[in-house]
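The lines below spell out each chain.
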Amino acid sequence: MRPRSPRREFAFLVNDVARLLRTYADQQARRFGMTRAQWAVLARLEYAEGMKQAELAELLDLQPITLTRLVDRLCANGLIERRADPADRRAKRLYLTAQARPLMNRLAELGEAMMETVLDGFDGARIEAMTVELSGVRANLRSAIGKKHDKPAAKAAAAA
């Protein structure tokens with residue numbers, strides 16, 4: 001049997017925490033008659049209104065068609081509106097409606113309450129330290145993803 005690797009255990013743990021957090025957020029979002037994905041769209045727009053759908057899809061790591069369905073539903077519910085882009089008549093920009101503002105306040109309170117539960121027993125300094133550490137992991141991952149090298153091809157070229 002292979003010995004446990006703390007590095008691999010870290011990866012499994014981060015994945016498990018992310019999965020559980022998504023499940024918990026799904027449960028909580030249902031209290032407002034929405035999905036976690038809809039909540040995520042609203043939350044991102046709250047901080048960056050006027051984004052194009054393609055920009056928002058990339059930010060949320062969603063396929064454009066998936067985001068279109070989410071936005072269509074949020075528009076039908078009166079929470080988001082599409083406005084013409086003055087610089088590109090083919091593009092639409094997304095904005096929260098006045099009807100969404102009170103909901104965003106309630107969702108922010110819900111998010112804080114959720115994280116109070118999730119981080120119960122951790123003091124502010126420890127939370128800050130974990131945030132800094134995970135930000136470093138995220139930066140490493142972004143860097144690794146950004147590198148476009150093919151190791152087998154590099155080895156073959158070196159051998160030739």
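For clarity, every value in this text was computed on a predicted model and none was experimentally measured. (Residues numbered from 1 in each chain as written. Predicted model: local features only at pLDDT ≥ 70, side-chain atom pairs only at ≥ 80, totals over all residues. Heavy atoms only, no water.)

### Quick word on unusual backbone geometry
We count it as follows: To qualify as a helix, a DSSP run of H or I must reach at least 4 residues; to qualify as a strand, a run of E must reach at least 2; elements of each kind are numbered from the N terminus. To sort residues, take the accessible area from a 1.4 Å probe on protein chains only and compare it with the maximum for the residue type: under 20% means buried, over 50% means exposed, and anything in between is partly exposed.
For Asp61, which is not glycine, the phi dihedral falls at a positive 55°. Position of Asp61 among the secondary structure elements: in the loop between helix H3 (53-60) and helix H4 (64-76). For Asp61, a relative accessible area of 71% translates into the label exposed.

### So, the side chain of Asp85
To be explicit about the condition: In protein, a polar contact means a hydrogen-donor-capable atom and an acceptor-capable atom, both N or O and within 3.5 Å, with residues adjacent in sequence counting only if both atoms are side-chain atoms; elsewhere, any N or O pair within 3.5 Å suffices. Only heavy atoms enter the contact rule, under which two residues are in contact if any of them lie within 4.5 Å.
The residue Asp85 is located in strand S2 (residues 80-85) in this model. In this structure Asp85 comes out as buried when scored by relative accessible area, which is 5%. Polar contacts involving the side chain of Asp85 include one to the side chain of Arg93, which spans 3.1 Å. Asp85 has contacts with Lys52, Ala91 and Arg93, leaving out every residue within four places of it along the chain.

### Quick look at the sheet that holds strand S1 (residues 51-52)
Defined as follows: For two strands to count as paired, DSSP must find a minimum of two bridges between them. To obtain an axis, a line is fitted to C-alpha atoms, over the contacting stretch when the element is a helix, and the angle between two such axes runs from 0 to 180 degrees between their N-to-C directions.
As summarised here, the arrangement of the three strands in space is S1-S3-S2, forming an open sheet in which the pairing is antiparallel. If you trace the sheet from one side to the other, it starts and ends with S1 and S2, each paired once. Taken together, the two bridges between S1 and strand S3 (residues 88-96) define a ladder with antiparallel strand orientation. Pairing of Met51 across the sheet is with Leu94, part of S3. Most of the contacts of H4 go to S2, to which it runs at about 110°, and overall it touches S2 and S3.

### With respect to the layout of surface pockets
Heads up, the condition is: The rule is simple: put a 1 Å grid over the protein atoms alone, call a set of points where a 1.4 Å probe fits but cannot get out a cavity, call an open set with protein on both sides within 12 Å along at least five of seven lines a pocket, and count a residue as lining if it has an atom within 4 Å of a point. Grid points are joined across faces, edges and corners, and a volume is the space filled by probe spheres set on the points. Nonpolar residues are Ala, Val, Leu, Ile, Met, Phe, Trp, Tyr, Cys and Pro. Charged residues are Asp, Glu, Lys and Arg, and all others, Gly as well, are polar.
Estimates place the volume of the largest pocket at around 2,500 Å³. Around the largest pocket, the lining comprises 47 residues; the ones closest to its centre are Ala18, Leu21, Arg22, Arg44 and Arg138. Elements supplying a minimum of two residues to the lining of the largest pocket: helix H1 (6-29), helix H2 (36-47), H3, helix H5 (100-118) and helix H6 (124-146). The leading source of residues in the lining of the largest pocket is H1, at eleven residues. When the residues that make up the lining of the largest pocket are grouped by side-chain class, the tally is 34 nonpolar, four polar and nine charged.

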